[in-house]
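The residues making up each chain are set out below.
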Amino acid sequence: MAIHPLLANAVDFELRFCLEVLKLESFHLGYSDSEQDVIDSLSALKSAQATYTQSIVDWIPNTSCTILDVGCGIGDVDLALEKAGYIVHGLSPEAQHKPYFRNLHPESRFIHSGIETYNPMIQYDVLLMSESNNYFTLLDGMSAIARCVKPGGHALVSGFFRTSDDPLINSNMVYRTEFENACSLRGFRVIRSENMSHRIIPTLRFTESLFRQYMLPTLRIVQDLMLGFSPTLRFLLGTVFKRMGNFLEILEQWYDANLSEGYFRENMTYHAYLIQIPEQE
């Protein structure tokens, strides 16, 4: 499901809730050994997220030096890559991410831009899409790989793919066959592919609990407190209350179509691909 206009400005809320309330250090999902594993605390979630981050580091070809992280968020994956010796440029269209971006190497930096319009000064050894492949169209993603990666370099894509035509699914999300066919048409070679669906199920289960038991009730309490003001103030803020009610309904619908375990099992899969770009002839 595409982002609804009422959610378009919620990036700062999500950022602050995760960092200031939950004290998380990552925005991405976590990896567990199996879907039967149990994540029952924020510390367990942080550990699973750290496992995911390390898997990204492990998938990077060790002959690489420079990496462009598309949709870098607050840069936690970038920091881990830098500690492993890589030079990383983080790309994000959200200016709110910049103050949180962390780096060790002087050459590493945050770039405020969407991938659709980004023209790099250099070509990179690796282009990373860590749960960002559905922020833009498949065509834009393939074009970015061709534009930003050196001949013989790689792209690492880790994220969601659709398994149904349910209308609530993000319109940018494609079937794996569509993704693989697009790679083939460009001459990109899939050199490693792995289904990671079972590894994210425990995180989905826990984040669904967090959303339903804590975040959504908190927002409803705030709404009720505002409705408890004087009749005159309620009248003056009537439009605000109506929009907030719509926001909560849309937020719950968006969550069900993006991060709930049941919806994921029925309509999506989570996959990682390592792709090699052809050498120049």
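Preceding this paragraph is the structure being described.
Residues numbered from 1 in each chain as written. Predicted model: local features only at pLDDT ≥ 70, side-chain atom pairs only at ≥ 80, totals over all residues. Heavy atoms only, no water.

Chemist: Provide a residue-level description of the overall build of the protein, including the pertinent values.
Modeler: Looking only at helices and strands, one finds 9 helices and 7 strands in the protein. Considering only contacts within the protein whose residues lie at least 6 apart along the sequence, 71% involve residues at least 24 apart. As presented, the protein carries roughly 13900 Å² of accessible surface, and 54% of it is formed by carbon and sulfur atoms. (Helix = DSSP H or I, 4+ residues; strand = E, 2+ residues; numbered from the N terminus. Contact = heavy atoms within 4.5 Å. Areas by Shrake-Rupley, 256 points an atom, 1.4 Å probe, with all protein chains shown as cover.)

Chemist: Can you break down the environment of F161 residue by residue, with the values?
Modeler: Locating F161 in the fold gives a position in strand 5 (residues 149-162). Residues F161 and N133, 28 residues apart in the sequence, show an inter-C-alpha distance of 9.1 Å. Apart from the residues within four sequence positions on either side, F161 is in contact with N133, M173, V174, Y175, R176, F179, N267, M268, T269, H271 and Y273.

Chemist: Before we move on, could you go through the nonpolar core and cite the residues and values that matter?
Modeler: I67, L81, F160, I200, F264 and Y270 are the most contacted members of the largest nonpolar core, which has 28 residues in total. Where this core is concerned, the elements lending two or more residues are helix 2 (42-59), helix 3 (76-83), strand 4 (124-130), strand 5, helix 6 (197-227), helix 9 (261-267) and strand 7 (268-276). With 26 residues, the next largest nonpolar core counts M142, V157, F161 and C183 among its residues. (Core = buried A, V, L, I, M, F, W, Y, C linked by side-chain atoms within 4.5 Å. Buried < 20%, exposed > 50% of the residue type's maximum accessible area, 1.4 Å probe, protein only.)

Chemist: I'd like a rundown of the sheet that holds strand 6 (residues 189-195), residues and numbers included.
Modeler: As summarised here, the arrangement of the 7 strands in space is 3-2-1-4-5-7-6, forming an open sheet in which the pairing is mixed. A strand with exactly one partner marks an edge of an open sheet, and here the two such strands are strand 3 (109-112) and strand 6. In this sheet, neighbouring strand axes are inclined to one another by 20 degrees on average, regardless of whether the strands run parallel or antiparallel. The pairing of strand 5 with strand 7 spans 9 bridges and is antiparallel. Each bridged residue has a counterpart across the sheet, and for H154 the counterpart in strand 7 is Q276. Its contacts with the sheet put helix 4 (residues 138-148) on strand 1 (66-70), strand 4 and strand 5, and the angle it makes with strand 5 is roughly 155 degrees. Across the sheet, helix 5 (residues 176-186) touches strand 5, strand 6 and strand 7, and the angle it forms with strand 7 is around 10 degrees. (Pairing = 2+ DSSP bridges. Axes fitted to C-alpha atoms, helices over the stretch in contact; angles between N-to-C directions.)

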